[in-house]
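The residues making up each chain are set out below.
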Amino acid sequence: MQPADFETILKVLAGHKVDLVVVGGVAATLQGAPITTFDLDIVHSREEANLDRLMAALRELDAWYREKPDVRIAPDRERLGGPGHHLLMTHAGPLDVLGAVVTGEGYPELAAHSDLFDLGGGLRVRVLDLRTIIAIKERLNRETDRAVLPVLRRTLKEKP
Amino acid sequence: MARSRSSRPTAPRREGFRSWIPAGARRDGRPTPSLSSRSAAASSPRLSSAWTRPRDRWSRGWKSRRSCEAESAASTRCGSPRTASVTSARIRARSRRCSTHADCGDGRDGEGRESGGHEGLPRAYSAGMTERDDAGGWSSAPLPIGGGGGTGEGNDGVDVSLIRWFLSLSPAERLRVLQNTVNAISRLRERRAAG
């Protein structure tokens with residue numbers, strides 16, 4: 001599988017002015033937790049205008065559902081309007097587009113618990129804060145979440 | 001008279017040879033780590049975190065060997081002339097405990113005092129700046145290897161010094177470190193797949 005080029009994907013999404021919150025491992029890393037992840041998870045706003053912008057960005061990224069690489073199904077606007085998870089592959093690597101996180105929160109709820117980060121070159125992204133990442137992982141309580149929780153909790157404790 | 005095959009002196013079997021070594025001792029005389037301590041280390045939560053820090057001595061030794069080999073080629077540095085004919089074994093032996101060079105990653109200067117590595121970075125992490133970036137040069141992002149020196153590790157096994165170092169970076173630098181890690185792992189996978 002092609003490795004993710006996080007900056008390229010974020011630049012394309014920002015270039016189309018997509019309203020989104022970065023969640024998951026990349027969010028934790030940007031918030032200062034030294035963990036590794038191989039895909040980018042975003043929760044997008046499901047407002048009509050934003051869905052148009054998201055579709056344009058996904059077209060530019062040449063996105064398709066990575067679960068079925070042989071069929072190469074492109075995401076459609078109607079599905080992106082739901083709360084489901086879209087595990088996509090793009091020419092810049094894997095991208096998970098989430099209508100809502102597993103615990104049910106969508107863009108409006110998560111955006112209220114996010115920070116705006118400047119990643120240089122005019123790239124500004126909204127990133128879920130560490131406290132909320134921990135709260136979500138604690139509620140999910142999956143094995144993968146439990147494995148990373150000590151690092152996240154300690155990072156939160158050390159964070160100025 | 002021909003001696004029977006069974007009566008010939010033979011080299012001791014492996015089990016027999018091992019039995020000469022006193023229990024709990026290694027050939028170098030140091031005590032062998034107990035099985036429980038080894039298994040505890042293997043199941044340490046640190047290993048499941050993003051960075052699995054290599055054993056300090058080996059990581060330092062690797063870095064030191066590179067420095068020393070470069071020095072061997074250059075012939076002189078730190079006032080200690082060297083020739084390229086130094087055998088790899090001697091280089092290895094020296095790099096394990098290099099007390100001559102401040103920048104070998106050993107963290108000691110010529111007098112054996114603790115010294116810093118790269119300017120502006122914690123010695124523990126700057127000592128291991130060895131990651132190549134995509135452009136083929138050496139990345140400016142420091143890698144958290146070769147550190148230690150008793151820096152804090154919490155009861156939960158989380159490397160606090162690693163977290164403090166990562167928090168000292170800007171978000172853009174954190175993303176670059178993550179990207180370098182992903183790229184490095186992908187390259188290793190490709191190489192392994194290629195045989």
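Rules used in this analysis
Residues numbered from 1 in each chain as written. Chains lettered and ligands numbered in written order. Predicted model: local features only at pLDDT ≥ 70, side-chain atom pairs only at ≥ 80, totals over all residues. Helix = DSSP H or I, 4+ residues; strand = E, 2+ residues; numbered from the N terminus. Buried ≥ 20, exposed ≤ 12 C-beta atoms within 10 Å, placed from the backbone. Contact = placed C-beta atoms within 7 Å. Nonpolar A, V, L, I, M, F, W, Y, C, P; charged D, E, K, R; others polar. pLDDT = per-residue confidence, 0-100. Pairing = 2+ DSSP bridges. Arc of directions from axis to C-beta. Core = buried A, V, L, I, M, F, W, Y, C linked by C-beta atoms within 7 Å.

Points about the overall build of chain A
What chain A contains, in helices and strands, is seven helices and seven strands. Starting at the N terminus, the α and β elements of chain A follow one another as α-β-α-β-α-β-α-β-β-α-β-β-α-α. Every one of the 160 residues in chain A was classed for burial, and the buried ones make up 42%. Once local pairs closer than 6 in sequence are excluded, the contacts in chain A between residues at least 24 apart make up 60%.

Some details on the overall build of chain B
Of regular secondary structure, chain B possesses seven helices and zero strands. Counting helices and strands in the order they occur from the N terminus, chain B gives α-α-α-α-α-α-α. Of all 195 residues assigned to chain B, the portion counted as buried reaches 24%.

Comments concerning the interface of chain A and chain B
Listed by partner, the interface residues are 21 residues for chain A and 24 residues for chain B. Counting only elements with at least two residues in the side of chain A that touches chain B, the list comes to helix 1 (6–15), helix 2 (24–30) and helix 7 (143–158) of chain A. Here the side of chain A that touches chain B gets six residues from one element, more than from any other, and that element is helix 7 of chain A. Taken together, the residues of the side of chain A that touches chain B break down into twelve nonpolar, five polar and four charged.

A short note on the confidence of the model for chain B
All names here are of chain B. Residue-level pLDDT values for chain B average 53, and 21% of them are 70 or greater. Within chain B, no element has a lower average pLDDT than helix 1 (residues 14–20), which sits at 41, and none a higher one than helix 6 (residues 160–168), at 96. This stretch, residues 1–7, has a pLDDT under 50; its non-local contacts, to residues over four places away or in other chains, come to one contact. Under a pLDDT of 50 for its full length, residues 31–139 has, in the predicted model, 146 contacts with residues more than four places off or in other chains.

Notes on the pairing of strand 7 (residues 124–128) of chain A
Within a regular beta strand, the side chains point alternately toward one face of the sheet and then the other, so they alternate between its two faces. All names here are of chain A. Where strand 6 (residues 114–118) lies against strand 7, five bridges are found, and the strand directions are antiparallel. The partner of Leu 116 across the bridge, within strand 7, is Arg 126. Where strand 6 hands over to strand 7, the hairpin turn is made up of five residues, of which Gly 120 adopts a positive phi near 90°.

A closer look at the pairing of strand 2 (residues 40–44) of chain A
All names here are of chain A. Where burial is concerned, most of strand 2 is hidden: five out of the five residues are buried. By the alternation rule, side chains of strand 2 split into Leu 40, Ile 42 and His 44 and Asp 41 and Val 43, which are all buried. Pairing of strand 2 with strand 5 (residues 93–98) involves four bridges; the strand directions are parallel. Each residue of the ladder has a partner; that of Ile 42, found in strand 5, is Val 97.

With respect to helix 6 of chain B
Within the sequence span of helix 6 of chain B, burial applies to Leu 162, Ile 163, Trp 165 and Phe 166 of chain B. One side of helix 6 of chain B holds all its buried residues, which, seen down the axis, span an arc of 160°.

As for the nonpolar core
Core analysis: the largest hydrophobic core is formed by 53 residues, its most contacted members being Ile 9, Val 21, Val 22, Val 23, Ala 27, Ile 42 and Val 43 of chain A. It is helix 1 of chain A that contributes the most residues to this core, five residues altogether.

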